[in-house]
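Secondary and tertiary structure notes
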Amino acid sequence: MLLQVTGLSKSHAGAAGPVAVLRAVDLAMEAGETVALTGESGSGKSTLLHLIGGLDVPDAGRILLDGQDIGAMDDAGRAALRRGTVGVVFQQFNLIPSLRVAANLEFQARLAGRLDPAQLDGLIDALGLRAHLHKYPEQLSGGQQQRVAIARTLAARPRLVLADEPTGNLDEATAANVLEALLTLVAQTGAGLMMVTHSSALAAHMGRRLHLRAGCLT
């Protein structure tokens, strides 16, 4: 079992007191599985991804990722997890502005000790980045920056990829290339993929679909 989530709950502070975002969520994923996570805005999709990725801590529940208990880790342990075991594709690009695209693409893979030039070369072509390698992030459009962020995450070959609307700012053709790159990584490495999406067309390409409604899986 790659991922096992049990009784996961999370609340945020509201004007009238705590507001429940996730309510005793249980889910499991096998290695190599692809899961689409759908739901209305505010249903808890991004919160769930952030908890699994170690970017936040739950109020209750347990997350086991590749045999590691995320709840038992300190900040440094969760940061190490994100360098090697889990890769998160954010809605914000989080590229390093002082590095050219080529160096941004290599950065995470080098930290994880997993830089594979041949694999990275394939990602560059799959995501149409060849002509932009010498540029800085500020010289790219939003869609181009998003493609760089996706390729950077995949280059580190994580065991689990968490993607939050990774194709939201892309045209239809580029979105198809991005999804193909994500699914190819799963097929080649046995990684799992959990992708938040509002697109029924993209969700249909995933192996399984989970739907969040008011913080509960349905």
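Position numbers for residues start from 1 in each chain and track the written sequence from start to end. Where local features are concerned, this predicted model is filtered to residues with pLDDT of at least 70; where side-chain atom pairs are given and counted, the filter is 80 or more; whole-chain, interface and lining totals use all residues. Side-chain metrics rest on all non-hydrogen atoms present in the structure, leaving aside hydrogens and water.

1. Considering the sheet that holds strand 5 (residues 68-69)
One bridge is not enough; two strands pair if DSSP finds at least two bridges between them. Helix numbering and strand numbering both begin at the N terminus, where a helix is a DSSP run of H or I of at least 4 residues and a strand a DSSP run of E of at least 2. Taken in spatial order, the four strands of this open sheet run 2-1-4-5, and their pairing is antiparallel. Here the strands that pair on one side only, and so sit at the sheet edges, are strand 2 (17-29) and strand 5. Pairing of strand 1 (residues 3-14) with strand 2, which is carried by nine bridges, proceeds in the antiparallel orientation. By the bridge assignment for strand 2, glutamine 4 is matched with alanine 28. Contacts: residue pairs with any heavy atoms within 4.5 Å of one another. Axis definition: a line fitted to C-alpha atoms, limited for helices to the stretch in contact. Angles are taken between N-to-C directions and run from 0 to 180 degrees. Sheet strands in contact with helix 1 (residues 45-52) are strand 1, strand 2 and strand 4 (60-65), and its direction is about 120 degrees off that of strand 1.

2. Quick notes on the environment of arginine 157
Mapped onto the fold, arginine 157 is located in the loop between helix 5 (142-155) and strand 7 (160-164). Overall, the relative accessible area of 31% leaves arginine 157 in the partly exposed class. Through-space distance from the C-alpha of arginine 157 to that of threonine 85 is 8.3 Å; in sequence the pair is 72 residues apart. Once you skip the residues sitting within four places of it in the chain, arginine 157 turns out to touch Gly84, Arg114, Asp116, Gln119, Leu185 and Thr189. Think of it in three bands: residues with accessible area under 20% of the maximum for their type are buried, residues over 50% are exposed, and the middle band is partly exposed, with areas taken using a 1.4 Å probe on protein chains only.

3. Focus: unusual backbone geometry
For alanine 24, which is not glycine, the phi dihedral falls at a positive 50 degrees. Along the chain, alanine 24 turns up in strand 2.

4. Observations regarding the sheet that holds strand 7
Ordered by their spatial adjacency, six strands build an open sheet running 6-7-8-3-9-10, and the pairing between neighbours is mixed. Pairing within the sheet leaves two strands with one partner each, and these edge strands are strand 6 (86-89) and strand 10 (216-217). As defined by bridge partners, strand 3 (residues 34-39) adjoins strand 9 (residues 208-213) across five bridges and the pair is classed as parallel. Of the residues in strand 9, the one forming a bridge with valine 35 is arginine 208.

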